[in-house]
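Chain and residue survey
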Amino acid sequence: MTENKDICYPNCASSMFLRSCEEEITTPLKGNTTGHIPLWLQGTLLRNGPGTLKVGSMSFDHMFDGSALLHSFKISEGTATYQCRFVRTDTYKRNQAANRIVVTEFATESVPDPCHTIFDRFTAFFKPLEKLSDNTVVSVYPMGDEIYTFTESPIIHRMDPKTLKTLERKDLTKDFAIVNHSAHPHILPNGDVINIGLSYTSRGMRHVVIHFPFTEKGDMFENAHIVGSMKPRWQMHPAYMHSFGITENYFVLIEQPMTISLRTVLWNVFLGKPFASALQWYPKLETNIVLISRETGEEVRRYSTETLFYFHVINAFEHDQSLVLDLCTYKDAKILNGMYIKAMQSIQSNADCAEWFRARAKRLEMPLEAPAMTFVEAKLLADIGCETPRIHYDMYNGRSYRYFYAISSDIDNIKPGAVVKVDTWTGDYKTWFEADSFASEPVFVPEPQAQEEDAGILLCVLLCGSHACRISLVLLDARTMLEVGRVTFDTPSPAPKCFHGWFISERVQP
């Protein structure tokens, strides 16, 4: 204990967040399988996140800025293989060609691109949107029979799920005049995709809801259209929305007191300054919850609740004449400060960091017939850190549910980075943890013909603190939270932390 007296979080191997992949794995890598991998589990877990935090001699300033790296874990016949490959964004290609950071990111300011002439730079001044980063580093989702990587800028990249090659760059600003969108669209049971964005319309700046109708073969973007909108609480300071909820009759948008200064955004684009400086936190303002009718597309009701910051909605559903919204909340937005690289490097000497990362799952139950701006208390679902939440998505998204799964955000806990299962009916929770390791967002895969909500497998990617060049795919029984099996891979270069993923099922019939 004496040697750790100056370490604030002795159980948290924070260095795992700062790794950079130096060598892509394009040929499927075989791993060491232990335990049992169910034969019914066939498919590919894709995961996305910052693959490298440096370019040449330069380093990015924030976790959101690292170059997007797509990971693939293909599960077949009781084992799995691993691949990883950088998303060939325009930003990635420009940075690599210049061997320096020449495109400004969320929190990292670029330097001049030596590959551009003075005339190129002069011309770029009149095309400011072309200077924006297209680094789709946050998530990966299906749209029809295609797979795309997402971030919050309105650019997505179509990927080959087998080879991880980047196939196409899609610019959504051309069709919807949106300046950003959520990195977490909703995939409906029929394959339709719903997302929200910020757009300048004939009625001014609006938060809009965009519907992408499912097509088995072809372009889902061709018939996409706006199906709903709402006026921001502050016209020139719309709220920052990382995700949203959807129920049978409503789109559920959260206007937190973290806003985007549009004037600052425009100024930053022209000057090449980071987007982060346009975010403004108002600690004395309440949070608004806005319901938009799925039938009419119009705002129908607003509620208020306590001041809170959030990234991720857990689920939303209608029940007994109320709308229930569950989300992972913070008391303020300092989590963004904690994700700066310098903050991560000094985390062991920062006693305040634990509070910055302390997310709690809370529930808002809003009576559908309540007067406008009724205040709703945010009630604690479970007293444990919860982030990157997942549910039995196929059956329970937008519907009454009982369980969700997450990773612990309590870095001062004896089990930081644990996988958490929360029972929303009772507030009880179970955890799975392995020392010197950090688990990723747990992705739930249901058992075939299962009747119980939690009958299935949780797929987690596990990083090892003492082995930088090691990554494991861990399978947990979602009912018991006990390990079922794992496949461990020794990689040619460090295995970095990822953010979000999607499982593409290729189930075989029993």
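That block above? That's the structure.
So, here's what we can say about the structure. Nothing here was measured: the structure is a model prediction, and the numbers come from that model. (Residues numbered from 1 in each chain as written. Predicted model: local features only at pLDDT ≥ 70, side-chain atom pairs only at ≥ 80, totals over all residues. Heavy atoms only, no water.)

1. Here we look at the sheet that holds strand S8 (residues 139-143)
Hydrogen bonds along the backbone pair up the strands of a sheet, which may run parallel or antiparallel. Across the sheet, which stays open at both edges, the four strands sit in the order S8-S9-S10-S11 with antiparallel pairing between neighbours. The sheet terminates laterally at S8 and strand S11 (166-171), the two strands that pair on one side only. Taken over all neighbouring pairs, the strand axes of this sheet differ in orientation by 30° on average, direction set aside. Here five bridges tie strand S10 (residues 155-159) to S11, and the two strands are oriented antiparallel to one another. Looking at the pairing, His157 lines up with Arg169 of S11. (Pairing = 2+ DSSP bridges. Helix = DSSP H or I, 4+ residues; strand = E, 2+ residues; numbered from the N terminus. Axes fitted to C-alpha atoms, helices over the stretch in contact; angles between N-to-C directions.)

2. As for the nonpolar core
As a rule of thumb, soluble globular proteins bury nonpolar side chains together. If you look at the biggest cluster of nonpolar residues, it comprises 66 residues, and the most contacted ones within it are Leu41, Phe309 and Leu459. Not counting chain neighbours up to four residues away, the residues in contact with Leu41 comprise Ile75, Val445, Ile457, Leu459, Leu475 and Phe503. Within the second largest apolar cluster, 44 residues are counted, among which are Ala68, Ile178, Ile391 and Trp502. (Core = buried A, V, L, I, M, F, W, Y, C linked by side-chain atoms within 4.5 Å. Buried < 20%, exposed > 50% of the residue type's maximum accessible area, 1.4 Å probe, protein only. Contact = heavy atoms within 4.5 Å.)

3. Description of the layout of surface pockets
Rolled over the atoms, a probe as big as a water molecule pinpoints where empty space is left. For the second largest pocket, the calculated volume is near 840 Å³. Residues that form the lining of the second largest pocket fall into these classes: 18 nonpolar, seven polar and nine charged. (1 Å grid on protein atoms, 1.4 Å probe; cavity = no way out; pocket = protein on both sides within 12 Å on 5 of 7 lines; lining within 4 Å. Points joined across faces, edges and corners; volume = space filled by probe spheres on them. Nonpolar A, V, L, I, M, F, W, Y, C, P; charged D, E, K, R; others polar.)

4. Comments concerning unusual backbone geometry
Phi is positive for Gln321, which is not a glycine, with a value near 60°. Mapped onto the elements of the fold, Gln321 is located in the loop between strand S23 (309-319) and strand S24 (322-330). Its identity as a non-glycine residue notwithstanding, Asp436 has a phi of 60°, on the positive side. Along the polypeptide, Asp436 turns up in the loop between strand S31 (429-432) and strand S32 (437-439).

5. Overview of the side chain of Ser72
With respect to the element layout, Ser72 can be found in strand S6 (residues 67-76). Ignoring sequence-local partners within four residues, the contact set of Ser72 consists of Thr44, Leu45, Leu46, Thr81, Tyr82, Gln83, Pro161 and Leu164.

6. Let's talk about the sheet that holds S6
Strand order in the open sheet formed by five strands is S1-S7-S6-S3-S37, with antiparallel pairing between adjacent strands. Sheet topology places strand S1 (25-30) and strand S37 (500-505) at the edges, where each strand pairs with a single neighbour. Strand-to-strand twist of the sheet, defined as the mean angle between neighbouring strand axes without regard to direction, takes the value 20°. Across eight bridges, S6 lies against strand S7 (residues 79-86) in antiparallel orientation.

7. What about the packing of aromatic side chains?
Taken as a whole and assessed by the stated rule, the structure comprises 23 aromatic pairs. Aromatic pair Phe17 and Phe438: ring centres 4.9 Å apart, planes at 70°, arrangement edge-to-face. Remark: Phe438 occurs in strand S32 and Phe17 occurs in the segment before S1; sequence separation between them is 421 residues. For Phe17, a relative accessible area of 17% puts it in the buried group. Note on Phe438: relative accessible area 9%, which makes it buried. Judged by centre distance (5.8 Å) and plane angle (85°), the ring pair of Tyr141 and Phe150 falls under edge-to-face. Accessibility expressed as a relative area gives 2% for Phe150, which makes it buried. Three or more aromatic residues joined by ring pairs make a cluster, and in this case those are Phe64, Phe106, Tyr240, Phe275, Trp281, Phe309, Phe311, Tyr330 and Phe499. Of note, Lys421 hangs over the ring of Tyr403, and the distance from its end group to the ring centre comes to 4.3 Å. (Phe/Tyr/Trp six-rings, centres within 6.5 Å; stacked < 30°, edge-to-face > 60°. Lys NZ or Arg CZ within 6 Å of the ring centre and 35° of its normal.)

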